[in-house]
Amino acid sequence: MSTSLPLFRYHPDPLATGAIEPRRIDCVCCGQTRDFVYVQPVYGTSDLDEKLCPWCIADGSAAGKLGAVFVDAAPLATAGVAPEVIDEVTLRTPGYSCWQQEQWLTHCNDACEFHGDATEDDVEDASDTTIADWRQRYGKTEKQWAALTRDYEPAGDNAFYKFVCRHCSAVLLGWDCA
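To start, this report covers the structure provided alongside it. As the structure is a prediction and not an experimental result, all values here were calculated from the model. (Residues numbered from 1 in each chain as written. Predicted model: local features only at pLDDT ≥ 70, side-chain atom pairs only at ≥ 80, totals over all residues. Heavy atoms only, no water.)

What to know about the side chain of His 11
Turning to step 1, where the next piece is worked out: Following the sequence through the fold, His 11 ends up in the segment before α1 (14-17).
Turning to step 2, where the next piece is worked out: Not counting residues within four places of it along the chain, the set of residues in contact with His 11 comprises Thr 17, Ala 19, Thr 93, Pro 94, Gly 95, Trp 104 and Phe 114. (Helix = DSSP H or I, 4+ residues; strand = E, 2+ residues; numbered from the N terminus. Contact = heavy atoms within 4.5 Å.)

So, unusual backbone geometry
Turning to step 1, where the next piece is worked out: Backbone geometry places Cys 108, a non-glycine residue, at a positive phi of 55°.
Turning to step 2, where the next piece is worked out: For Cys 108, a relative accessible area of 39% corresponds to the partly exposed category.
Turning to step 3, where the next piece is worked out: For Ala 155, which is not a glycine, the phi torsion comes out positive at approximately 65°.
Turning to step 4, where the next piece is worked out: Following the sequence through the fold, Ala 155 ends up in the loop between α8 (142-149) and β6 (158-164).
Turning to step 5, where the next piece is worked out: Overall, the relative accessible area of 64% leaves Ala 155 in the exposed class. (Buried < 20%, exposed > 50% of the residue type's maximum accessible area, 1.4 Å probe, protein only.)

Focus: the pattern of salt bridges
Turning to step 1, where the next piece is worked out: By the definition in use, this model includes eight salt bridges.
Turning to step 2, where the next piece is worked out: Taking the shortest distance from any N to any O, the salt bridge between Asp 122 and Lys 162 comes out at 3.4 Å. You can see Asp 122 sitting in helix α6 (residues 120-124) and its partner Lys 162 sitting in strand β6, a full 40 residues away along the chain.
Turning to step 3, where the next piece is worked out: When the shortest N-O distance is used, the salt bridge between Arg 137 and Asp 133 registers 3.0 Å. Separated by four residues within a single helix, Arg 137 and Asp 133 lie in helix α7 (residues 128-138), roughly one turn from each other.
Turning to step 4, where the next piece is worked out: Put simply, Glu 21, Arg 23 and Glu 50 are held in one network by salt bridges that share partners. (Salt bridge = Lys/Arg side-chain N within 4 Å of Asp/Glu carboxyl O.)

Things to note about α7
Turning to step 1, where the next piece is worked out: The set of residues buried in α7 consists of Thr 130, Ile 131, Asp 133, Trp 134 and Tyr 138. Along α7, the residues classed as buried sweep out an arc of 160° about the axis, all on the same side. In α7, the exposed positions that point more than 90 degrees away from the buried face belong to Asp 128, Thr 129 and Gln 136.
Turning to step 2, where the next piece is worked out: Structurally, α7 contributes buried residues whose contacts are with α8, β6 and β7 (171-177). (Arc of directions from axis to C-beta.)

Re the environment of Arg 166
Turning to step 1, where the next piece is worked out: In this structure, Arg 166 sits in the loop between β6 and β7.
Turning to step 2, where the next piece is worked out: On the basis of relative accessible area, Arg 166 is assigned to the partly exposed category, the value being 30%.
Turning to step 3, where the next piece is worked out: In sequence terms Arg 166 and His 107 are 59 residues apart; their C-alpha atoms lie 8.2 Å from each other.
Turning to step 4, where the next piece is worked out: Those residues within four positions of Arg 166 in sequence are excluded, and the remaining contacts are Arg 9, Tyr 10, Asp 110, Ala 111 and Glu 113.
Turning to step 5, where the next piece is worked out: A distance of 2.6 Å separates the side chain of Arg 166 from the side chain of Asp 110, its partner in a polar contact. (Polar contact = N/O pair within 3.5 Å; in protein donor to acceptor, adjacent residues only side chain to side chain.)

Focus on the sheet that holds β6
Turning to step 1, where the next piece is worked out: Across the sheet, three strands lie side by side as β5-β6-β7; this open sheet has antiparallel pairing. The open sheet has two free edges, formed respectively by β5 (113-117) and β7, since each of these has just one partner strand. Neighbouring strand axes in the sheet, compared pairwise and without regard to direction, differ in orientation by 25° on average.
Turning to step 2, where the next piece is worked out: Strand direction decides the pairing type here: β5 and β6, joined by three bridges, are antiparallel. Looking across to β6, one finds that Glu 113 is bridged to Val 164.
Turning to step 3, where the next piece is worked out: Those strands touched by α7 are β6 and β7, and its axis lies near 40° from that of β7.
Turning to step 4, where the next piece is worked out: Taken strand by strand, α8 contacts β6 and β7, and its axis lies near 105° from that of β6. (Pairing = 2+ DSSP bridges. Axes fitted to C-alpha atoms, helices over the stretch in contact; angles between N-to-C directions.)

Structure (structure tokens):
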């Protein structure tokens, strides 16, 4: 059995983001005893929570055999990314938890990489371009940005998620609140 995790193009460090944890399980998809478990939402059926290994996500067998979906496809489709990208993100990429429905961000006609909760520095030092994108995406003013980011703490009720464009390295911030 391989001990190194599979690579996920759109979620490059699922251990750091908390999507995958080191814990021994018997995967319900492949039946193998594994040393890592996926711990974020699984859509389509409720009995797969914390029962899937990362390898069955990466190779698509969890989606194909069990109907597992890990990310909402609608925002990706609305953004106009290619169907094969939508399939890779929704069916073969670890998702993430948020207060409402997650929204995988896009840039340069592709899905972005997910890097987890934005750090305080990510938000405090956000570039003018990042802030402008966020304001346009969520229909907020400069004053609202200032108010919403003033006391930001990762994993709080006011959540910012860091995404990075795979093509131009632009940093985008997803947002959600309790």
